[in-house]
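# Geometric and topological summary
Given next are the chains, with one letter for each unit.
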Amino acid sequence: MQSPKKGILLVNLGSPKSTSVKDVKEYLDEFLMDEKVIDYRWIFRALLVKGIILNIRPKKSAEAYKTVWTPEGSPLIVITEKIQQKLQDRVSIPVEIGMRYAEPSIQTGLQKLVDKGVNEVILFPLYPQYAMSTTETVIEKAEEVRAKYFPHLTIDYVPPFYQEEKYIECLSNSIEKNLPKDFDMLLFSYHGVPERHLYKTDKSKTCKIDDTHCIHSNNALHNTLCYRHQCYKTTELVRKKLGLPEEKVMVTFQSRLGKDKWIEPYTDETLENLPKKGIKKLAVVCPAFVSDCLETLEEIAVEGKEEFLEAGGASFTYLPCLNDDDEWVEVLRTYSENQVQNIAK
């Protein structure tokens, strides 16, 4: 019997091929038609996405992408490739990347590993916190691709690492390195999700989207799949690690889509209101992302900064994601190798 050969697949969100309206529209079509992102019945999702959003949003999104695009291409793709290269230098098994949407796809990444003789894959979703529209859709897509094209493959998934000690230490070190000495508030802006997503993923049936039943929950079954709980848990662990007082740290959620109720408080509204409360010097970090992308570089570092300063803020500092920081790559190495060892047991 052939001995198993293992490989690592790093999976991130994805990006359009270019900043052309055509490519952005193609990307948004795949992204927004995912039932884990917009969880309406197919006909209603299609009417919303294909009938409305794709006739309005691609041009605006294409302009936004142009503000963050690099000579090498999409920042998210470029950064993920750099992470792959650094991780490959630290491990003895093949490392490839795949994106949930667009290319290089999960199928492309798995094919590259198979071509190298891999038959056991450690798939690493690069999302610290669990959500239906991130971790869950990655796993479902990977299983769909595996069943259709690679039935002989075994795939083992690295779980969300929102409270893992090495990740918290790495994130804390990154924040401390970039945090101004003089600031009034450190804002943790996480990507938002509709409130109904939390209810759909809650197997404990205890989530009430309030502090008692969500943020401060001690129910392990609830906490394992509650995105809001995990965001607040990451924040609290980092706050304690940095020794910051509670009044200097705040959590908000960004990137709303449509008119449905999303988890609060909203980042954009908060940025407009903080100066009125005497918060003039603001630092913002986005821990739902490990790699800088449109949502961090344009939505927060550009638009968010403008909103805050126009509302009366004095200074706005965006703290970059972990990106290809060597300490972060070492964290990835540790978690990946731990998963390899777990498989061997």
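For the structure, check the block above.
In this report, the structure presented in the accompanying data block is examined. The model shown is predicted, which means the values in this text are computed figures rather than measured ones.

Here the structure, examined in full by the defined rule, presents 28 salt bridges. Through salt bridges with shared partners, one network takes in Lys86, Arg90, Asp324, Asp326, Glu330, Arg333 and Glu337.

All chains considered together, the criterion is met by 13 aromatic pairs. Ring centres of Tyr27 and Phe31 lie 6.1 Å apart, and the angle between their planes is 20 degrees; this geometry places the pair in the stacked category. With a gap of four residues between them, Tyr27 and Phe31 both fall in helix 1 (residues 21-32), about one helical turn apart. Residue Tyr27 is classed as buried on the basis of its relative accessible area of 4%. You can call Phe31 buried: its relative accessible area is 18%.

Quick look at the sheet that holds strand 8 (residues 315-319) now. Pairing within the open sheet is parallel, and its four strands lie in the order 6-5-7-8. Two strands close off the open sheet at either side, each with one partner strand: strand 6 (249-254) and strand 8. The sheet shows a mean angle of 25 degrees between the axes of neighbouring strands, taken without regard to direction. Sheet analysis places strand 5 (residues 185-191) next to strand 7 (residues 281-285), joined by four bridges and oriented parallel.

A turn of α-helix holds 3.6 residues, and therefore any two residues three or four places apart point the same way. For helix 5 (residues 132-149), which comprises 18 residues, the first-to-last C-alpha distance of 24 Å matches the rise-based estimate of 26 Å (1.5 Å per residue) to within 8%. Buried residues of helix 5: Met132, Ser133, Thr134, Thr135, Glu136, Thr137, Val138, Ala142 and Val145, and no others. Residues of helix 5 that are buried in the fold lie against strand 1 (6-14), strand 2 (95-101), helix 4 (106-115), strand 3 (120-125), strand 4 (154-157) and helix 7 (195-201).

Applying the stated criterion to the full structure yields two cavities of 30 Å³ or more. Of the volumes computed, that of the largest cavity is approximately 60 Å³. Every residue along the wall of the largest cavity is listed here: Tyr167, Leu171, Ser174, Val285, Cys286, Pro287, Phe289, Pro320, Cys321 and Leu322. The residue inventory of the lining of the largest cavity, partitioned by class, reads nine nonpolar, one polar and no charged. The calculated volume of the second largest cavity comes to roughly 40 Å³. What lines the second largest cavity is Ala131, Met132, Ser133, Val193, His197, Leu198, Thr201, Leu225 and Tyr227. With three residues, helix 7 is the largest single contributor of residues to the lining of the second largest cavity. Its residues assigned to classes, the lining of the second largest cavity comprises six nonpolar, three polar and no charged. Composition of the lining of the second largest cavity by domain shows at least three residues from each of domain 1 (6-160 + 325-344) and domain 2 (165-318).

Moving on, we get to a negative patch on the surface. Negative charge collects at one region of the surface, where Glu164, Glu165, Glu169 and Glu327 lie side by side. Its place among the elements puts Glu327 in helix 13 (residues 326-344).

In this structure, the second largest pocket spans a volume of roughly 380 Å³. Around the second largest pocket, the lining comprises 17 residues; the ones closest to its centre are Ile215, His216, Tyr232, Thr235 and Glu236. Looking at the lining of the second largest pocket, the elements with two or more residues in it are helix 8 (211-215), helix 10 (227-242) and strand 6. Here the residues of the lining of the second largest pocket sort into five nonpolar, six polar and six charged.

All right, on to the nonpolar core then. Grouped together as the largest cluster of nonpolar side chains are 106 residues, with contacts concentrated most on Ile175, Leu186, Tyr227, Leu282 and Trp328. Take this core: its biggest share by element is eight residues, from helix 2 (residues 42-68). Inspection of this core shows a minimum of three residues originating in each of domain 1 (6-160 + 325-344) and domain 2 (165-318). Look past the residues within four positions of Leu282 in its chain and what remains in contact with it is Met185, Leu187, Leu271, Leu274, Phe308, Ser315, Phe316 and Thr317.

The subject of this paragraph is the sheet that holds strand 1. The strand order across the open sheet formed by four strands is 2-1-3-4, and the pairing between neighbours is parallel. The strands lining the two open edges of the sheet, one partner per strand, are strand 2 and strand 4. Recorded for the sheet is a direction-independent mean angle of 30 degrees between the axes of neighbouring strands. On the sheet, helix 3 (residues 75-88) packs against strand 1 and strand 2 and is oriented at approximately 155 degrees with respect to strand 2.

Conventions adopted
Every chain begins its residue count from 1, and numbering advances along the sequence as written. The predicted origin of the model limits local features to residues at a pLDDT of at least 70 and limits the giving and counting of side-chain atom pairs to 80 or more, whereas totals for whole chains, interfaces and linings rest on all residues. Side-chain metrics rest on all non-hydrogen atoms present in the structure, leaving aside hydrogens and water. The term salt bridge refers to a side-chain nitrogen of Lys or Arg lying within 4 Å of a carboxyl oxygen of Asp or Glu. Centres within 6.5 Å make a pair out of two Phe, Tyr or Trp rings, where for Trp the six-membered ring is used; the pair is then stacked when the planes are under 30 degrees apart, edge-to-face when over 60, and tilted otherwise. The secondary structure listing takes helices from DSSP runs of H or I that are at least 4 residues long and strands from runs of E that are at least 2 residues long, numbered from the N terminus. Here's how the labels work: a residue is buried when its accessible area is under 20% of the maximum for its type, exposed when over 50%, partly exposed in between, all with a 1.4 Å probe on protein chains only. Any two strands with at least two DSSP-identified bridges between them are counted as paired. Geometry is summarised by axes, namely lines fitted to C-alpha atoms with helices restricted to the contacting stretch, and by angles between N-to-C directions that run from 0 to 180 degrees. Expected span, for any helix, means 1.5 Å times one less than how many residues it has. The contact criterion used is simple: two residues touch if any of their non-hydrogen atoms lie within 4.5 Å. As defined here, a cavity is a set of points on a 1 Å grid over the protein atoms alone where a 1.4 Å probe fits but cannot get out. A pocket is an open set with protein on both sides within 12 Å along at least five of seven lines, and residues line them when an atom is within 4 Å of a point. Grid points are joined across faces, edges and corners, and a volume is the space filled by probe spheres set on the points. Residue polarity follows a fixed list, in which Ala, Val, Leu, Ile, Met, Phe, Trp, Tyr, Cys and Pro are nonpolar, Asp, Glu, Lys and Arg are charged, and the others, Gly among them, are polar. Boundaries of every domain are those given by an automatic assignment or by a domain database. Exposure above 30% relative accessible area and the absence of a salt bridge qualify a residue for a patch, where like charges join within 9 Å and nonpolar side chains (Val, Leu, Ile, Met, Phe, Trp, Tyr) within 5 Å. The method behind every accessible area is Shrake-Rupley, applied with a 1.4 Å probe, and residues are considered shielded solely by the protein chains displayed. For the purpose of charge, His is not counted, nor are the chain termini; Lys and Arg are scored as positive and Asp and Glu as negative. Every charge is mapped onto a representative atom, which is NZ of Lys, CZ of Arg, CG of Asp or CD of Glu. Residues grouped as a nonpolar core are buried Ala, Val, Leu, Ile, Met, Phe, Trp, Tyr and Cys residues, joined through side-chain atoms within 4.5 Å.

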